[in-house]
Structure formats: C-alpha cells, structure tokens
Amino acid sequence: MKIHASAGEFAGNKDAAAHIRENYLKYELKKRHAVVLDFEDVGLATQSFIHALIAEVVREDPNALELIDFKNCNEEIQALIEIVVEYAQNQYE
Amino acid sequence: MPEQVGLSSIEQFAGLLATDQMKDLTVVLAGSDPRVHPIALCMLAALADVALASGGQVVVDGVAASADSSLQRMQFFEGIKRTDLVESAQPEPTGNRIPLRQIRDNKEMKKFATDFIPLLHTTPSAGAAVSYVMWELVRNVIEHAGSSCGAFAAAEIDAAGRILIGVADGGIGVTKSIRRSHSAPDERRAISLAFQPGVSGATSAYGGNETNGGAGLFFMKSMASLAQQHMVMITDSTLMRLEKHSMAEPVVHSSLDQDIVSWFDLSVPFPGTAVGVNLSLEETVAFSELLKEIGKIYHLDVRAGKNAAKKAKFT
C-alpha cells in the first residue's frame, strides 16, 4: 500500500489513514496476510495520522506487527511509528 | 486592536475584549498599520463568524488600513467578512505569510495544505514543522470544537525570523470538549488535560481511541519548548501561556504542571478556542531529534507492560 497515493507528501489526513486501516490493514490482517505500508515519497506525517493508521491494530493484537512491513520510512516517520507502536501497547499512569 | 500584539503580551489583547451583550462585533483599529500575531486575527475572524451566525453585524471603527498594511496583506478584512474594506491593489505574496483562511472540513484542509502552506518560504525542516502544526491544530478544531464555522488559520514570518502561527474557532471550548470524557473541576485543569499525552476528549480511555491518540497538543507544546518559544491557548475564561525555557538545554515535560506556565483569567470569555505557536526558522532542532525527545516521554510515562513491547519492522 503506497501511502503517498492516499495521503500525499505530507501525511496529515486522518480520514485517509482510517480508510487504509479499515479497507486494507484490518482486512488483510484478519486473513493473516502480510501487509506492506510503503512510505516512499512521504516526507513527513503527523502523529495523529500514524495513530489513526495503526494504533488500534497494534493495541488489539501486538503480534500483528510481525505481519506489517513499514517500508521506505525516513528517520522522522520511523520515529513517529515507533512512538505510536510503543504507546499503543501500554497503559498510562 | 492595539498597534502591536505578540504572544508574550497576548493577555493584553485578550483583556481588550469587551461585551455590551449585543450580537454585533466591533473592531476598533488604533493605528494605521497594527502588527498583530496571527492568533489575534484568527480570534477576531472567529468572533465575526459567531456574530454573523447570531444575526449580528461586523463593525470596523478607526483608522483605515492601506493596501500595503499588514492587515490587508494578511487578508484580515476578508476573514471578518468585511470585503468592502479590502483595498483593491493587493501586493504579491512575498513568502512571508499565509493569509487568514477559513477551513471547514477535511477537503478544505487539503486545499489549504496544497495552496497556502507552501506560500511560506522557509527551510525544509521549518516548513515541515509549519505543516505539522497547521494540520494538527485544524484537525483538532474539525474533530473536537463542534464549530460550524470550522477553523480560522494564519501564519507569518516576523522580522526576527520566527514563524508565528495562529488557529482559532468559535466552538464549544476546551473545557466542554474535555469534560465529555474526563473529570475537570475547572478550566485550568481542562487545559492541562488537553496538553497531556494520551488524553483525548473523544474518549475516557488513556491512549485515545482508534482515531484520536490525545497527543497532538503535547507534540506542539514539545516543539515550542525545544525551540524555546511561546505557545498560547485561549479558551473560555482562561489564557495559558507556555513561557520560554531559559535553560541551555530545554526539556520536554509530559505535564503542564512541570512547565513554566502563566495563567490569566479573562473578564470576557472567548467563545471557542484559540491556539498560537511560535517556531524558530533556524534548524537548531531537527525534527527527528524532537521526536526522539518526545519518544522518551512516552517511554517514561507508561506503566511497564507485562511483556516486552513488540517492535515495528522497517525495510
């Protein structure tokens, strides 16, 4: 799944993230298919976008991360994904 | 409207708001070329929208603003729906500003991001920061403010090279928004909760729901803190200003209680929410470094899970 095709160079549109989550991610993961989230040509995303994209999936089943390939992420997007992946698996004080 | 308004003295502007219980909005211009922070322009545009929606009018008193004035360049009179005061000779965009715009939904936000944010000529890192802040603040309005007028947004680069950003709405305010899902005995507590990572008015669950992570304002506060700049929120009867860090190495705090913050009580409440952020043009803090600092907060603030957290896989 090319994120740029839905969200553009700056991924801030949470509706686009929700669409990918519901129509691709959850659909494929339910069948235990490997998925690819390709961030090629995406320069930056908001934390809100990444949250809307993956937080629920990770929260419901952290093992799903083994089936998700985050591809072509620059340093900033990788950092955002790591933040969301971590807090989605934990409770807060 | 005073001659100059910045975030460091925004309480003086907010304190000038007065009410006579009438539906009209009256804007009094004190000088021929007032230089005001975008947050003030956005607040007035939101107030104008509230007045018009209530059947009132927008009245402008005082000195006329010439074509090359800051108010004209920021398209303020279009924003308050007084197009009769727009000077016909508009100067070409210089790359120093994003004029005042109204954004009602996601479609308009996409157009704003495509057509207007690039008007601001900055470094790539600063441009990314502006996009980030604008997207998050406007989305907050669209999702949480309950405002039919949407968000008013504007930005400008000042003479000192700072990027000044303002977003405002005439919605329900932060206190009501937070109280949908959390206990907040007063407005200050509501604002503190709004800035706390993992808290969203959309749900009582910490960490948010599938759509809202409750981290947008915290991220922006972190950006302002690390850039050693101000951030302001004005909502209901309360004004909160995050003061500049004076430390050699500023830190990110998860709670407003740990930050240096000034609180002001407003005699006339603002019917909605306004947020102002100043960012630095210099690439003194790379965005990736900012995210690493924020990541530390999340790591330290969570209760340890029973098992080691799963990691994302990157190729």
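Every value quoted in this text rests on a predicted model; they were computed, and no experiment measured them.

Trainee: Talk me through the pattern of salt bridges; I want residue IDs and the actual numbers.
Mentor: The full count for this structure, using the stated rule, is 21 salt bridges over all chains. Across the salt bridge formed by Asp38 of chain A and Lys2 of chain A, the nearest N and O atoms sit 3.2 Å from each other. With Asp38 of chain A in strand E2 (residues 35–38) and Lys2 of chain A in the segment before helix H1 (3–7), this pair connects stretches of sequence that are 36 residues apart. Here Asp38 of chain A falls in the buried class, since its relative accessible area comes to 6%. Note that Lys310 of chain B and Glu66 of chain A form a salt bridge whose closest N and O atoms lie 3.5 Å from each other. Pair noted here: Lys310 of chain B is in the segment after helix H10 (287–301) and Glu66 of chain A is in the loop between helix H3 (47–60) and strand E4 (68–71), and the two residues belong to different chains. According to the relative accessible area criterion, Lys310 of chain B is partly exposed, its value standing at 31%.

Trainee: Can you break down the packing of aromatic side chains residue by residue, with the values?
Mentor: Residues and elements named next belong to chain B. This model, assessed by the stated rule, comprises five aromatic pairs over all chains. An angle of 65 degrees between the planes, with centres 5.3 Å apart, marks the rings of Phe76 and Phe77 as edge-to-face. Among the aromatic residues, those joined into a ring-pair cluster are Tyr132, Phe218 and Phe219.

Trainee: Give me the lowdown on unusual backbone geometry, citing residues and values where you can.
Mentor: The residue Arg32 of chain A is not glycine, and still its phi comes out positive at about 60 degrees. Its place among the elements puts Arg32 of chain A in the loop between helix H2 (14–30) and E2. Although it is not a glycine, Gln228 of chain B adopts a positive phi angle of roughly 55 degrees. Relative to the helices and strands, Gln228 of chain B resides in the loop between helix H9 (216–226) and strand E8 (231–242).

Trainee: If you had to explain the nonpolar core to someone new, which residues and values would you point to?
Mentor: Nonpolar side chains in soluble globular proteins generally cluster together in the buried interior. With 99 residues, the main nonpolar core has Leu37, Phe39 and Ile54 of chain A as its most contacted residues. For Leu37 of chain A, the residues in contact, after removing those within four places along its chain, are Met1, Ile3, Ile20, Tyr24, Leu25, Leu53, Ile54, Ile68, Asp69, Phe70 and Lys71 of chain A. Grouped together as the second largest cluster of nonpolar side chains are 41 residues, Ala14, Ala40, Ala45 and Leu100 of chain B included.

Trainee: Describe helix H4 (residues 75–88) of chain A, listing the residues and the values that go with them.
Mentor: Residue and element names in this part refer to chain A. With 14 residues, H4 extends 20 Å between its outermost C-alpha atoms, agreeing within 8% with the 20 Å of an ideal straight helix rising 1.5 Å per residue. With respect to burial, H4 is a largely interior element, eleven of its 14 residues being buried. Those residues of H4 not exposed but buried are Glu76, Ile77, Ala79, Leu80, Ile81, Ile83, Val84, Val85, Glu86, Tyr87 and Ala88.

Trainee: Outline the interface of chain A and chain B, supporting the account with residue identities and numerical values.
Mentor: If you look at the interface, chain A gives 41 residues, while chain B gives 42 residues. Here chain A meets chain B over a buried area of about 3,700 Å², counting both sides, of which 56% is carbon and sulfur. Linking chain A with chain B are three salt bridges. A salt bridge links Asp15 of chain A to Arg139 of chain B, with the nearest nitrogen and oxygen atoms 3.7 Å apart. Linking chain A to chain B there are 13 residue pairs in polar contact (both at pLDDT 80 or more). Residue assignment for the side of chain A that touches chain B shows that the elements contributing at least two residues are H2, strand E3 (44–45), H3, E4 and H4 of chain A. Here the side of chain A that touches chain B gets eleven residues from one element, more than from any other, and that element is H4 of chain A.

Scoring rules and cut-offs
Residues numbered from 1 in each chain as written. Chains lettered and ligands numbered in written order. Predicted model: local features only at pLDDT ≥ 70, side-chain atom pairs only at ≥ 80, totals over all residues. Heavy atoms only, no water. Salt bridge = Lys/Arg side-chain N within 4 Å of Asp/Glu carboxyl O. Helix = DSSP H or I, 4+ residues; strand = E, 2+ residues; numbered from the N terminus. Buried < 20%, exposed > 50% of the residue type's maximum accessible area, 1.4 Å probe, protein only. Phe/Tyr/Trp six-rings, centres within 6.5 Å; stacked < 30°, edge-to-face > 60°. Core = buried A, V, L, I, M, F, W, Y, C linked by side-chain atoms within 4.5 Å. Contact = heavy atoms within 4.5 Å. Expected span 1.5 Å × (residues − 1). Buried area = accessible area lost by both parts, 1.4 Å probe. Polar contact = N/O pair within 3.5 Å; in protein donor to acceptor, adjacent residues only side chain to side chain.

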